[in-house]
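The residues making up each chain are set out below.
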Amino acid sequence: FNITHSGKAVVSTQSTGFLYSLVYLILAILHMIYCPFFPKNRDNSYTLAPIFYWLSRWLLNITIEAECTEHLESYTGGYILCPNHQSSLDTMCIARIWPHRAIILMKRSLLYVPFFGWAAYLSGHEFITRKSGASSEVRDHMNIINERIKIERLRVCVFPEGTRNKAFDGKMLPFKKGGFHMAQQCQAPIVPVVIYIPPSLYDGRKWIFNSGTIRMKVLEPVSTVGLTPENVSELTNTVQEKMQETLDQLRKAE
C-alpha cells in the first residue's frame, strides 16, 4: 500500500493490477459455474454484473459514480448501448449500470481468450468475425442480431471506437459506424454512456493503477426513428460530439 498526501491508504499499482486480474478470474469462474444452468441467457450478465462491481470496489477501493442511469430503462424496447473505451476498466464501469436483456458485441478473437471468452460465450454475448472475405457471414450474423433487438427487445453494447484509446489524451477515437447502422436498421435508439477514468487512477503509458473514483454519465437516448442509411454519418458525428462534450465536462469537474 502507498500513503497519499492526505494520509489515505491506497493500493499500490502492482497490487491493484494483480487484484483486478484476480477479480476477472473470479468472475469468469462464477460465470462458468452459473451460466451452464441458463446457457446463453441474455440476463446472465445482468445477474452477475453486481458481483463484478462490488468485488472490484471491495478489493481495489475503486468507486464508480454513475449519473442519469434512469435513461437505461426509460425505453422498454431494444437499443444500442454506446460507451467510450479507455481501458479494461470500462467493463467494470459498464457492470455498475448493466441493464436487463443486454449483451456485448465483441470481436471474435476474444472468444478464444481463456476464461474470459468462455464466460462471455456462456453469457450469451455475440462475437463478430472481422477478417476479410467474411462480409457475407458477418452480414447474416448482424441480421440475426437486428431481429433479436426488435423481437426480444435486446440491448446491444457496442464500443464505437472499436478499440481502446491508448493515448489517454481525453479525446475519443473516431467512431466506427457499425453500431449506428444497427440502430438505424432497427429504428432503435442509441443510449450513449461516457466514462471518465482519471489519469491519477489509471494511465497505461505510465504504469499507474491506483484506487480512486471513476465518473460516468448516461446520456439521453438518441432516436433513430425515420432515419435512412444516408443519415448514419451525421448520426455518428452527432453522438460523438455529445459524448466528447460530456467527457470534457467530467474531466473539468475532477
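Just above sits the structure.
For clarity, every value in this text was computed on a predicted model and none was experimentally measured.

A. Up close: the environment of G226. For G226, the position within the fold is in the loop between β11 (212–218) and α7 (232–252). A relative accessible area of 59% places G226 in the exposed class. A C-alpha to C-alpha distance of 8.4 Å links G226 and Q184, two positions 42 residues apart in sequence. Leaving out residues up to four positions away in the same chain, G226 has contacts with Q187 and N231.

B. Molecular detail of the packing of aromatic side chains. With the rule as written, the count across this model stands at seven aromatic pairs. Aromatic side chains F115 and W118 sit 5.3 Å apart centroid to centroid with 55° between the ring planes, which places their arrangement in the tilted category. Taking the relative accessible area as the measure of exposure, F115 reaches 35% and is therefore partly exposed. Residue class for W118 comes out partly exposed when judged on its relative accessible area of 43%. Joined through ring pairs, the aromatic side chains of Y24, F52 and F116 make up one cluster. The ring of Y53 is capped by R96, whose NZ or CZ atom sits 5.5 Å from the centre of that ring.

C. Just the packing of helix α6 (residues 178–186) against α7, in detail. At their nearest, the axes of α6 and α7 sit 10 Å apart, and the two run at 120° to each other. The angle between α6 and α7 falls in the class oblique. Relative to α7, the crossing made by α6 is right-handed. Residues F180, H181 and Q184 of α6 lie in contact with α7, whose contacting residues are V232, L235, T236 and V239.

D. Here's a closer look at the pattern of salt bridges. Under the definition given, this model contains seven salt bridges. In this structure, R215 and E67 form a salt bridge, with 2.7 Å as the shortest nitrogen-oxygen distance. Pair noted here: R215 is in strand β11 and E67 is in strand β3 (residues 62–67), with a separation of 148 residues, a long-range link. For R155, the salt bridge goes to E73, with nearest N and O atoms at 3.5 Å. Of the two residues, R155 sits in strand β7 (residues 155–157) while E73 sits in the loop between β3 and β4 (79–83), which places them 82 residues apart along the sequence. Members of the salt-bridge network, linked through shared partners, are R42, E126, R148 and E152.

E. Broad picture of the sheet that holds β3. Strand order across the open sheet formed by seven strands is β3-β11-β8-β4-β7-β5-β6, with mixed pairing between neighbours. Two strands close off the open sheet at either side, each with one partner strand: β3 and β6 (126–128). Pairs of neighbouring strands in the sheet enclose a mean axial angle of 25°, with direction left out of account. Note: β4 against β7, three bridges, orientation parallel. When the sheet's bridge partners are listed, L81 is paired in β7 with C157.

F. Region of interest: the nonpolar core. Counting residues in each nonpolar core, the largest one holds 39 residues, and the members touching the most others are L89, M92, V193, I195 and I214. Among the elements of the structure, α1 (13–34), α2 (44–60), β3, β4, α3 (89–97), β5 (102–107), β8 (190–196) and β11 are those that each provide at least two residues to this core. Ranked by residues supplied to this core, first place goes to α3 with six residues. Counting 30 residues, the second-largest nonpolar core is a separate cluster that includes I145, V156, V194 and L247.

G. Fine view of a nonpolar patch on the surface. Nonpolar side chains collect at one region of the surface, where F18, L22, L25, I29, I33, F115 and W118 lie side by side and expose about 650 Å² of accessible area between them. The element that contributes the greatest number of residues to the nonpolar patch is α1, accounting for five residues. Looking at the secondary structure, you find F115 in the loop between β5 and α4 (116–122).

About the thresholds
Residues numbered from 1 in each chain as written. Predicted model: local features only at pLDDT ≥ 70, side-chain atom pairs only at ≥ 80, totals over all residues. Heavy atoms only, no water. Helix = DSSP H or I, 4+ residues; strand = E, 2+ residues; numbered from the N terminus. Buried < 20%, exposed > 50% of the residue type's maximum accessible area, 1.4 Å probe, protein only. Contact = heavy atoms within 4.5 Å. Phe/Tyr/Trp six-rings, centres within 6.5 Å; stacked < 30°, edge-to-face > 60°. Lys NZ or Arg CZ within 6 Å of the ring centre and 35° of its normal. Axes fitted to C-alpha atoms, helices over the stretch in contact; angles between N-to-C directions. Parallel < 35°, antiparallel > 145°, perpendicular 65-115°, else oblique. Left-handed = near helix turned anticlockwise from the far one by under 90°. Salt bridge = Lys/Arg side-chain N within 4 Å of Asp/Glu carboxyl O. Pairing = 2+ DSSP bridges. Core = buried A, V, L, I, M, F, W, Y, C linked by side-chain atoms within 4.5 Å. Patch = residues over 30% accessible without salt bridge, like charges linked within 9 Å, V, L, I, M, F, W, Y side chains within 5 Å. Areas by Shrake-Rupley, 256 points an atom, 1.4 Å probe, with all protein chains shown as cover.

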